[in-house]
Amino acid sequence: MDHYDEDQDYRHPEDDWDRDLLLDPAWEKQQRKTFTAWCNSHLRKAGTQIENIEEDFRDGLKLMLLLEVISGERLAKPERGKMRVHKISNVNKALNFIASKGVKLVSIGAEEIVDGNAKMTLGMIWTIILRFAIQDISVEETSAKEGLLLWCQRKTAPYKNVNIQNFHISWKDGLGFCALIHRHRPELIDYAKLRKDDPMTNLNTAFDVAEKYLDIPKMLDAEDIVGTARPDEKAIMTYVSSFYHAFSGAQKAETAANRICKVLAVNQENEQLMEDYEKLASDLLEWIRRTIPWLENRMPENTMQAMQQKLEDFRDYRRLHKPPKVQEKCQLEINFNTLQTKLRLSNRPAFMPSEGKMVSDINNAWGGLEGAEKGYEEWLLNEIRRLERLDHLAEKFRQKAAIHEAWTEGKEEMLQRRDYETATLSEIKALLKKHEAFESDLAAHQDRVEQIAAIAQELNELDYYDSPSVNARCQRICDQWDALGALSQKRSEALQRTEKLLETIDQLYLEFAKRAAPFNNWMEGAMEDLQDSFIVHTIEEIQGLSTAHEQFKATLPEADKERQAILGIHNEIAKIVQTYHVNMAGSNPYTTINPQEVNAKWDKVRQLVPLRDQSLIEEHARQQNNERLRRQFANQANVIGPWIQTKMEEIGRISIEMHGTLEDQLTHLRQYEKSIINYKPKIDQLEGDHQLIQAALIFDNKHTNYTMEHIRVGWEQLLTTIARTINEIENQILTRDAKGISQEQLNEFRASFNHFDRKRTGIMDAEDFKTCLISMGYNLGENEFSRIMSVVDPNRMGVVTFQGFIDFMSRETADTDTADQVMASFKILAGDKNYILADELRRELPPDQAEYCIARMAPYSGPDGVPGALDYMSFSTALYGESDL
């Protein structure tokens, strides 16, 4: 609109005064007629009227008189002269008065009004109508044009064929005007007889009834509306605003009814929140009850595969099943705090969950769950280490036992022979030397037997599942070893008795046996070591094995020299036999070892050396990869861990500092929450690295002090803390808006709270809170302080949150707005009576809310002598319960 400031809040920009629209003669005619009738409806209170709107306002006298009537204020004394300058002065006084009411007139000058400019005059009158007839209309937090349209829609909603969407074509059939009258004065119009296809009758009926019974002048003719494709919006708005002001009394009653509906809706919402809390708490506790026994099950498995499956099941629980429950627990606490805040704002008693379903009970149960979870994970990892160690030891036991059993095969039969009884002297000496070689070999095998027994003992201590068979085999080996020792001693004694009878001995055979036996034992030990499996967990350990292997390879040249020397002895024997034609009956009498066996075992040792090289190289590569995984995990964990701690500290500072309004803090926290949630992919990436580490059976990491459990717990605490802090700010906003607390008061409350929050934790303990109250002038006894603590700490946690502190301080300074609103609503509905009837509630409230209210009022019904009625006390008690109302 060109005639007044577009920034005024009592109208919508679409109401702009469009001068070009006045080029339509039909619209200009409607505006002249409507505006003239509206002006006369006020001027007749001063005993005058106008006939021609652009002519009768030219001298400014009636314009000033109109403004005095509609505003109830006195304007400056008008000029009574007839000259143009006197008229301009009067019009300027009127325009200045309009501007003083907050309306900026643009392009409307006194000269144009004095000159009788019809466009400018109509624009000025429309500005006056907007300011004094439409601006103050307010319906459900909407005002001016939107408020008037919403009022029409609410009033005509129950009527068939009425659909008010605007202030032009929606009124052409006349049913809208008739519906407004019938809604407030049903006895004036028989609405059922009206027809949508007869707009002339409908409009004339509405205009005539309004003029006759409602003191609303006839501002338009039916032909003006029906005869145009689109009636003038400003004329219709002016006419409809007269209906609004005529029925403003009924509007107040409807406002009272709406207030009651809101109270009932809040009660119903709170009851639903209580039911939701109970169900969610029960479901969460039941899940915890079912999960803890599974986590406390310590039944070990016998195989690595079964334990790996248990570990995978535990990972699925951590990744898939637990995160939704963490969210449910956080949401449960938020819902509980929101419900308590709404109950306090409604002056209702605090919500006490069923026994065992308090937030503290859920936190205790959750703590038990996490304790069981931590113990279960540690048990799983220890069991895997144990099984890995057991598999290694069992394989080592089988290898050593097999080698020993192969060596002892036939030894008992050999020691029990009595061949020395028929042997020659040389044969006896040979038998004696052979037995000495055997004893040397037997002594060399003593270490292997002790190793087998030690491995069996360790398998028993580690609770190996196949311990019985291991123990039986070990016992057989030990028994056989003792028997061999006894038989060897017995044969030695027999040979020594015969030794005096024997004199010949072949030193070469003896020397061969003495050197071949330890060398053979060395080769068997070397083959055993080269084939021995190994298990390492660090790159340093594999490097140690590689170093030892290189040292072993360095001894091979010396060993080859020894082999050549042993073979040289055999060759010397052969040379002597060939040279002296010795009749050799059988093999070397001192040993069963022959050159072929020595060469075969030597070749076997040479073959095993490169195989051992390859195994060490592969293990070294695996350990290098494990070290890379350790560093990869540590690099991320050393960033994420301090980041989480920093965010926790920053959130703690935000929650106790006073920077900006609560809305600014809320916006800041939500941005903070968004940035935290955006960090989730890094946590997931770290989880992936952690899974790779566990899959590689890496159990320690010297590059970081952070474990995945630390990161998970910190992340969950961070999400819970930011959600809880946002919820606290939202509850503070609810309290501030409901109690009418200013930002300065909130800052003072925060400053006091922070001053006495000596631990800087965001909460005060009872002693700090008591000190705060004493400093504020409270004379506290134990009973009074206990009463105050029951208000600010309904859960009896022994601490006072900032929200509880605000509730207490606002309650101490709160006014009685809620009680006043209930009393005003009761008086409007009761009228001149001191009670209201159920039928009156049914007429003013929607059916479902009326019956809900009546059902809750039933226990309080009835002043004496008036059945089915309620006085004010019963009425307020039914709505708010036993409260301060």
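Here the residue numbering is sequential within each chain, running from 1 through the sequence in written order. Selection of residues for local features in this predicted model requires a pLDDT of at least 70, selection of side-chain atom pairs for listing and counting requires 80 or more, and totals for whole chains, interfaces and linings are taken over all residues. In computing side-chain values, all of the structure's heavy atoms are included and hydrogens and water are not.

**Q** Is there a simple way to explain the overall build of the protein chain in this structure?
**A** Think of it this way: any DSSP run of H or I at least four residues long counts as a helix, any run of E at least two long counts as a strand, and we number them from the N terminus. Counting its secondary structure elements, the protein chain contains 33 helices and six strands. The buried label goes to any residue with under 20% of its type's maximum accessible area, the exposed label to any with over 50%, and the partly exposed label to all in between, with areas taken from a 1.4 Å probe on protein chains only. Going through the 885 residues of the protein chain one by one, you find that 46% of them count as buried. Across the protein chain, contacts joining residues at least 24 apart in sequence account for 74% of those joining residues at least 6 apart. Surface summary for the protein chain: the accessible area is close to 44500 Å², and the carbon and sulfur share equals 50%. Residue contacts are defined here by distance: any two heavy atoms, one from each residue, within 4.5 Å place the two residues in contact. Using a 1.4 Å probe, accessible areas were evaluated by the Shrake-Rupley method; residue-level cover was limited to the displayed protein chains.

**Q** So what exactly am I meant to see when it comes to helix 6 (residues 118–134) here?
**A** Every α-helix winds through 3.6 residues per turn, so residues three or four apart in the chain are directed the same way. The length a helix should cover is 1.5 Å for every residue beyond the first. For helix 6, spanning 17 residues, the distance from its first C-alpha to its last is 22 Å, which sits close to the expected 24 Å at 1.5 Å a residue. The buried count for helix 6 comes to 16 of 17 residues, which makes it a mostly enclosed element. Nitrogen and oxygen atoms within 3.5 Å of one another constitute a polar contact, given that in protein one can donate a hydrogen and the other can accept it, and given that sequence-neighbouring residues count only through two side-chain atoms. With a side-chain oxygen lying 3.1 Å from the backbone nitrogen of Lys119, the N-terminal cap of helix 6 falls on Asn117.

**Q** Help me understand the packing of aromatic side chains, please; the structure alone is not making it clear to me.
**A** Describing an aromatic ring pair means giving the distance of the ring centres and the angle of the ring planes. Between the rings of Phe, Tyr and Trp (Trp by its six-membered ring), a pair exists once the centres lie within 6.5 Å; its type follows the angle of the planes, with under 30 degrees stacked, over 60 edge-to-face, and the other angles tilted. Evaluation of the coordinates by the stated rule reveals 23 aromatic pairs. On the numbers, 6.2 Å between centres and 5° between planes, the contact of Trp407 with Phe438 is stacked. Of the two residues, Trp407 sits in helix 14 (residues 359–408) while Phe438 sits in helix 16 (residues 425–444), which places them 31 residues apart along the sequence. Each member of the pair, Trp407 as well as Phe438, carries the same accessibility label: buried. Here a set of aromatic residues connected by ring pairs shows up, and it is made of Phe167, Trp171, Phe177, Phe207, Tyr239, Phe243 and Phe247. For a lysine, the NZ atom is tested; for an arginine, the CZ atom; a charge sits over a ring if that atom is within 6 Å of the ring centre and within 35 degrees of the ring normal. Here the basic side chain of Arg131 rests over the ring of Phe132, its NZ or CZ set 5.2 Å away from the ring centre. Lying over the aromatic face of Trp407, Lys411 brings its terminal NZ or CZ to 4.8 Å of the ring centre.

**Q** Please clarify how the environment of Met237 should be interpreted in this entry.
**A** With respect to the helices and strands, the residue Met237 is situated in helix 11 (residues 233–246). C-alpha separation for the pair Met237 and Asn166, spaced 71 residues apart in sequence, amounts to 9.4 Å.

**Q** Would you explain the confidence of the model for the protein chain in this entry?
**A** Low pLDDT marks stretches whose predicted atomic positions should not be read closely. pLDDT expresses, on a scale from 0 to 100, how confident the predictor is about each individual residue. When pLDDT is averaged across the protein chain, the result is 80; 87% of the residues are at 70 or more. The low-confidence segment residues 1–23 (pLDDT under 50) makes 72 contacts with residues lying over four places distant or belonging to another chain. In this model, residues 880–885 is a region of pLDDT below 50 whose contacts with residues beyond four sequence positions or in other chains number 16 contacts.

**Q** Explain unusual backbone geometry here, please?
**A** In terms of backbone geometry, most residues other than glycine have negative phi values and most peptide bonds are trans. One non-glycine residue, Asp215, adopts positive backbone phi at about 60°. A relative accessible area of 56% means that Asp215 is categorised as exposed. The backbone phi angle of Leu697 is positive, close to 60°, even though this residue is not glycine. The residue Leu697 is located in the loop between helix 24 (680–695) and helix 25 (708–739) in this model.

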